[in-house]
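These are the residues of each chain, in order.
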Protein chains: 2
Amino acid sequence: MGNNVVTLIGLLAATLTTTSFVPQLIKSWRKRETKDISLWMLLILGAGIFLWMVYGLLIHDLPIILANSISFVLVIFILFFKIRYDRGN
Amino acid sequence: MGNNVVTLIGLLAATLTTTSFVPQLIKSWRKRETKDISLWMLLILGAGIFLWMVYGLLIHDLPIILANSISFVLVIFILFFKIRYDRGN
């Protein structure tokens, strides 16, 4: 398979996994209810995504760098909502 | 940085992002409450993780293949709980 197709699959994978956090962010923001979401998931996921970003930079892999930079910001926002709304309830 | 160190960082990143779904799985299974989790997140995430797995296979990247195969199974289980418990409530 050509390099371009492979990169395209990587970018599509990156777009999907990164985009997936958007509906969660919107749902948490609208409903102000986050208790069913695991705090540990968000903490470990955030740390892991950060390391993926570092890994992407080290192997110069564009899909990995892009995906994980944006995912990291989104997960941090969901984490922020989790801490804020769980405390309020 | 040596190739071994880079692979180690990738494997650590992989371990963290994959492991992150375990506390969510345990929490959802124990509490039987999943309504705050976005269904769209799980669906898009599942599709994205599947494509990452394909991407990893195409570029022969061990951390990406390993991480996403296990993550995929875990996310499918969380999705199963989400569908099951939301319907029951």
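Going by the structure above, here's the rest.
Analysis parameters
Residues numbered from 1 in each chain as written. Chains lettered and ligands numbered in written order. Predicted model: local features only at pLDDT ≥ 70, side-chain atom pairs only at ≥ 80, totals over all residues. Heavy atoms only, no water. Least-squares fit on C-alpha atoms with pLDDT ≥ 70 in both. Salt bridge = Lys/Arg side-chain N within 4 Å of Asp/Glu carboxyl O. Buried < 20%, exposed > 50% of the residue type's maximum accessible area, 1.4 Å probe, protein only. Helix = DSSP H or I, 4+ residues; strand = E, 2+ residues; numbered from the N terminus. Polar contact = N/O pair within 3.5 Å; in protein donor to acceptor, adjacent residues only side chain to side chain. Contact = heavy atoms within 4.5 Å. Expected span 1.5 Å × (residues − 1). Phe/Tyr/Trp six-rings, centres within 6.5 Å; stacked < 30°, edge-to-face > 60°. Buried area = accessible area lost by both parts, 1.4 Å probe. Nonpolar A, V, L, I, M, F, W, Y, C, P; charged D, E, K, R; others polar.

Our next topic: the relation of the copies chain A and chain B. Once chain A is rotated about the relating axis by 180° and shifted along it by 0.0 Å, it coincides with chain B to within an RMSD of 0.0 Å. The operation mapping one copy onto its partner corresponds to a two-fold rotation axis. Rotation axis and chain A: the residue whose C-alpha lies nearest the axis is D36 of chain A, separated from it by 2.7 Å.

Before going further, it helps to examine the pattern of salt bridges. All names here are of chain A. The tally for this structure, following the rule as stated, stands at four salt bridges over all chains. Two residues, D36 and K35, come together in a salt bridge whose shortest N-O distance is 3.3 Å. Residue class for D36 comes out buried when judged on its relative accessible area of 0%. By relative accessible area, K35 is classed as partly exposed at 33%. Note that K82 and D86 form a salt bridge whose closest N and O atoms lie 2.6 Å from each other.

A few words on the side chain of N68 of chain B. All names here are of chain B. Looking at the secondary structure, you find N68 in helix α3 (residues 62–88). Within the local environment of N68, its side chain forms a polar contact with the backbone oxygen of I64, the two atoms lying 2.7 Å apart. With residues up to four places along the chain from it excluded, the contact list for N68 reads I49, W52 and M53.

Next up on the list: α3 of chain B. The end-to-end C-alpha distance of α3 of chain B is 39 Å, a good match for the 39 Å that 27 residues give at a rise of 1.5 Å each. The residue sitting at the N-terminus of α3 of chain B and contributing the capping side-chain oxygen is D61 of chain B; that oxygen lies 3.1 Å from the backbone nitrogen of I64 of chain B.

Turning to the side chain of T34 of chain B, a few remarks are in order. In this structure, T34 of chain B sits in the loop between α1 (3–31) and α2 (39–58). On the basis of relative accessibility, which here comes to 0%, the residue T34 of chain B falls in the buried class. The contact partners of T34 of chain B, leaving out residues within four places of it in the chain, are D36 of chain A together with S28, F81, K82, Y85 and D86 of chain B.

So, on to α1 of chain B. Across its 29 residues, α1 of chain B extends 43 Å between first and last C-alpha, which sits within 8% of the 42 Å expected from 1.5 Å per residue. Positioned one or two residues after α1 of chain B, R32 of chain B has a phi angle of 55°, which is positive.

What follows covers the packing of aromatic side chains. Residues and elements named next belong to chain A. Considering all chains together, one arrives at eight aromatic pairs over all chains under this definition. When the ring of F80 is compared with that of F81, the centres are 6.1 Å apart and the planes differ by 50°; the resulting orientation is tilted. Classification of F80 by relative accessible area gives partly exposed; the value is 46%. A connected cluster of aromatic rings, assembled from ring pairs, spans F80, F81 and Y85.

Taken residue by residue, the interface counts 40 residues in chain A and 40 residues in chain B. Where chain A abuts chain B, roughly 3,500 Å² becomes buried across the two surfaces, and 73% of that area is made up of carbon and sulfur atoms. Interface area lost by chain A to chain B is led by D36, W52 and Y55 of chain A, which between them contribute 20%. Taken together, chain A and chain B are joined by 13 residue pairs in polar contact (both at pLDDT 80 or more). Those elements that place two or more of their residues in the side of chain A that touches chain B are α1 (3–19), α2 (21–31), α3 (39–58) and α4 (62–88) of chain A. The biggest single contributor to the side of chain A that touches chain B is α3 of chain A, with 12 residues. Each residue belonging to the side of chain A that touches chain B can be placed in one class, and the counts come to 25 nonpolar, eight polar and seven charged.

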